[in-house]
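What follows is each chain in one-letter form.
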Amino acid sequence: MSVQRFQLRCTCGHEFETKLWDSLNVTESKELKGKLLSGEINQVQCPECQKKSYIEKSLLYHDMDQRLWVQMLPPTERSKWPELQEEYEEEIKKNSGIKKYHFRLAFGREELLEKVRIFDANLDDRIIELLKVRILNEDETLKAVSDAKVFFSRYVAQEEELHFSVTSQEKNISQTLVIAFQHYNDIRESKEHVETTTELSKTVCRGMYIHHSKTRVLH
Ligand SMILES: [Zn+2]
């Protein structure tokens with residue numbers, strides 16, 4: 001775990017020094033995980049005007065129990081994912097102590113928190129991303145929306161349901177979409193996510209950035 005000191009300037013003009021997190025080991029500190037989920041990590045408050053703001057910077061999330069390593073980067077870096085992936089793969093190769101890990105890249109806090117929710121629910125993020133593509137291609141309303149964002153929210157085991165949040169600024173949409181868990185099982189049984197037999201699964205499920213938006217970036 002590490003923190004770095006930064007000099008910040010608030011919109012009110014006040015300059016102050018603050019500490020920001022570079023990496024979090026949530027196995028060593030459960031408290032930090034709670035703070036991440038509630039949005040307190042890398043949130044700062046100006047001591048002069050009390051204004052709170054979230055500082056978008058890179059952050060490494062490390063869960064030793066789940067063997068999950070997620071490097072979050074600012075959303076503005078998303079289009080550079082192939083180069084970034086190469087860089088991180090080189091770095092990982094040098095570190096032989098972390099084999100059998102799930103290595104992921106995430107762009108922005110929303111993507112990181114989604115990965116945490118998926119792994120906490122013991123689900124496979126590759127299947128979740130394939131499901132998102134289906135949702136975007138098959139939902140009659142969403143087909144016509146160019147800026148639709150779909151994020152996994154939760155798995156309700158009792159009801160055998162997967163909940164996704166769907167938002168679009170263009171169409172002023174903010175809703176929860178519920179699909180049967182059977183769709184997840186269908187993909188798991190077909191092993192499409194592991195064998196990457198289709199163009200779609202080849203694009204979405206390979207590498208460190210496992211995200212349905214890659215299919216759009218490549219078009
Ligand atoms: Zn201020």
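Residues numbered from 1 in each chain as written. Predicted model: local features only at pLDDT ≥ 70, side-chain atom pairs only at ≥ 80, totals over all residues.

## Description of the pairing of strand E9 (residues 161-168)
Quick reminder of the rule: Two strands are counted as paired when DSSP detects at least two bridges linking them. Secondary structure elements follow DSSP: runs of H or I of four or more residues count as helices, runs of E of two or more count as strands, with numbering from the N terminus.
Relative to E9, strand E8 (residues 149-156) runs antiparallel, the two being bridged by seven bridges. Paired with phenylalanine 152 across the bridge in E9 is phenylalanine 164. The loop that links E8 with its antiparallel partner E9 comprises four residues; one of these, glutamate 160, has a positive phi angle of about 55 degrees.

## A few points about the sheet that holds strand E6 (residues 68-73)
Within a beta sheet, neighbouring strands are joined by backbone hydrogen bonds and run either parallel or antiparallel to one another. We count it as follows: A fitted line through C-alpha atoms serves as each axis, taken over the contacting stretch for helices, and the angle formed by two N-to-C directions is quoted from 0 to 180°.
Strand order in the open sheet formed by five strands is E1-E2-E5-E6-E7, and the pairing between neighbours is mixed. At either end of the open sheet lies a strand with only one pairing partner, and these are strand E1 (2-9) and strand E7 (102-107). Strand-to-strand twist of the sheet, defined as the mean angle between neighbouring strand axes without regard to direction, takes the value 25 degrees. Summarising the sheet, strand E2 (residues 15-25) and strand E5 (residues 59-63) pair through three bridges and their orientation is parallel.

## A short note on the domain arrangement of the protein chain
Cut-off, in case you're wondering: Where a domain begins and ends is set by an automatic assignment or by a domain database. It is the C-beta atoms, placed from the backbone, that decide contacts: two residues are in contact if theirs lie within 7 Å. Ten residues, namely Ala, Val, Leu, Ile, Met, Phe, Trp, Tyr, Cys and Pro, are considered nonpolar, four, namely Asp, Glu, Lys and Arg, are considered charged, and the remaining ones, Gly among them, are considered polar.
Domain annotation for the protein chain reports domain 1 (2-119) and domain 2 (123-217). For domain 1 versus domain 2, the distance between C-alpha centres works out to 24 Å. Across the contact, twelve residues belong to domain 1 and eleven residues belong to domain 2. Counting residues per element, the ones that place at least two in the side of domain 1 that touches domain 2 are helix H2 (81-94), E7 and helix H3 (109-120). It is H3 that contributes the most residues to the side of domain 1 that touches domain 2, five residues altogether. Taken together, the residues that form the side of domain 1 that touches domain 2 break down as five nonpolar, two polar and five charged.

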